[in-house]
Structures are given as structure tokens and as C-alpha cells.
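Residue-level structure breakdown
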Amino acid sequence: MKLIINAEDFGLSQSINKGICEGLKQGFITSASLFVNAQHTDEAVKMIKQNNFKNVGIHLNLTYGKPVCKQEEVPHLVESDGSFHYMCSMPFYATYEDVKKELKAQIEKFYSFGITPTHLDYHHYFYSSQEVMQAYLELAKEFSLPVRSMTEKTKQMALDMGIKTTDMFLSDFHESYSGPTEQKLEQITQFLKTKKGTCELMTLPGYIDEFTISQTNYLGRELELKSLKKAFEDGVFDELELVNFSQI
């Protein structure tokens, strides 16, 4: 089994950038996904270039911060102040036209940084909207990029369009009731050793500072970072092949 340990939210804050960068350099994070519209995106891009990371994809986003497009170009996606509507699922206002325009602008902005993405994934739950998923997959095909698939249905949609995706997706570590611990990673790897193909393990590691607390309500990031590092050092992943999206 090939395992992608993918870290989300690169660019969200300095402390998250620090944690993800450490994980990529040390090998216990094998892939990361970058916000193109966050306040610390530029710092993350510098880290990517300085360390010559070749395993970073695009964290497409319709619910955090402000769009790349002008407010008047995507009126169905924004509040009166120009910020995205905040909802974890894509509600009725997310029209196909506005979504595709904004997502394409985010992809093009990533390329404008002078780096090449390994894949597309997304912030919150794109798969809850047929319109959003359709735009997402069409753009993946246009740019010849692999994608995240969180459900069997969306995986099959991607495969039907000739788009590379993983065989499995697991959020069990991040969403574990007992917390994102090394023991949970041991359980996951025991399960994966019986499977074949490629799996994306979703993670949200990083350090926490005051700015991070102001931007996100998920504060288990340091425990995720610590657990991933300890599991890597203890050989928990040794019977799996650690890869990134360019290797699926």
C-alpha cells in the first residue's frame, strides 16, 4: 500500500507553515496543500522554493477569506464585505459558473508563484455539491492534475473522466474520537497493510499561536504534528510506501 500523508492549510499562519515545513523536510509529511489566498501564503511559497519541495498541491477554497476573483466577478460566492460565505458544505448559492471561475483563478495564481502543483484538493466539503464537484473535476482534467476523492462516488466520477485519484481516503486520524494519537496511526497502518493501491491520509498538523487561534477553531494541530513525527521515528509506517500525489 502506498500512503500519502497530506497536510492541509499550508499558508494559513506562520505557526502552521513552520510545522508543515518541518514535516516535509523530515519526511513524516509526504504531501502538503497550499491556500493561495491566505495571509501567510507568500511565506509558505518562500519555504517551498527555499527547500525545493516538489510535493505541494493546491488547497482550493470557497469558504475562507476572500476570493482571488474580484467581488463583482463571483457575486454568488461572497458576503457584502467581499469575503466568502462561511459554510463547511457548499450551499445553494454556489453556482457552477462562479465556482469554476474562482477555482480556475486559484489554480492560475498557484502557477504564477513559479511552482508546479502535484494535485488538487479542497477546504471543507466540495463533494456535497454536484456543481462544485463538476467544476473541480473539469479543472483537474484541464490542468492534468490528480485529485482528492473523499467518497466512492467522487472517486468514480474522477476515474470516469480519466483523472488520477487515490484508491482510498482516510480522515480517521484527524477525526478520531480518542484524538490524533500515535496509537491511532498504528491502528490505521495495521488496516492499510491488508489493502492494495494508494491511500490519502488527511492531516492538519502545525503549531498554534494567537493568530492561528483567530483563524481556525481546530486546535489539535500540535498533537497531530507530534504524533506523526513520533510514529515516523518509531517505524509505524515502515511497512507502507510513503509517497505524494505525483506518484499515484
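Residues numbered from 1 in each chain as written. Predicted model: local features only at pLDDT ≥ 70, side-chain atom pairs only at ≥ 80, totals over all residues. Heavy atoms only, no water.

1. Focus: the pairing of strand S2 (residues 31-34)
Neither face of S2 is open: one carries Ser31 and Ser33, the other Ala32 and Leu34, and all of them are buried. Examined bridge by bridge, strand S1 (residues 2-10) and S2 share 3 bridges and lie parallel to one another. When the sheet's bridge partners are listed, alanine 7 is paired in S2 with alanine 32. Regarding topology, helix H1 (residues 14-26) serves as the crossover connection from S1 to the parallel S2, and that connection is right-handed. Relative to strand S3 (residues 56-60), S2 is paired through 3 bridges, and the arrangement is parallel. (Buried < 20%, exposed > 50% of the residue type's maximum accessible area, 1.4 Å probe, protein only. Helix = DSSP H or I, 4+ residues; strand = E, 2+ residues; numbered from the N terminus. Pairing = 2+ DSSP bridges. Right-handed = clockwise from strand over helix to strand, strands pointing away.)

2. Looking at unusual backbone geometry
In the Ramachandran plot, aspartate 9 falls in the positive-phi region, its phi being about 75° despite a non-glycine side chain. Turning to its location among the elements, aspartate 9 is positioned in strand S1. Relative accessible area serves as the criterion here: at 1%, aspartate 9 is assigned to the buried category. At serine 144, a position not held by glycine, the phi torsion is positive, near 55°. Following the sequence through the fold, serine 144 ends up in the loop between helix H4 (130-143) and helix H5 (152-160).

3. As for the pattern of salt bridges
Across all of its chains, the model carries 10 salt bridges by this definition. Among the salt bridges present, the one from lysine 230 reaches glutamate 182, with a minimum N-O distance of 3.8 Å. A residue pair is termed long-range when its members are at least 10 positions apart, and lysine 230 in helix H8 (residues 221-233) and glutamate 182 in helix H6 (residues 182-192) qualify at 48 residues. Lysine 230 gets classed as partly exposed once you look at its relative accessible area, which sits at 40%. Judged by relative accessible area, which is 12%, glutamate 182 ranks as buried. Taken together, the shared-partner salt bridges connect Glu8, Asp121, Arg148 and Glu200 into one network. (Salt bridge = Lys/Arg side-chain N within 4 Å of Asp/Glu carboxyl O.)

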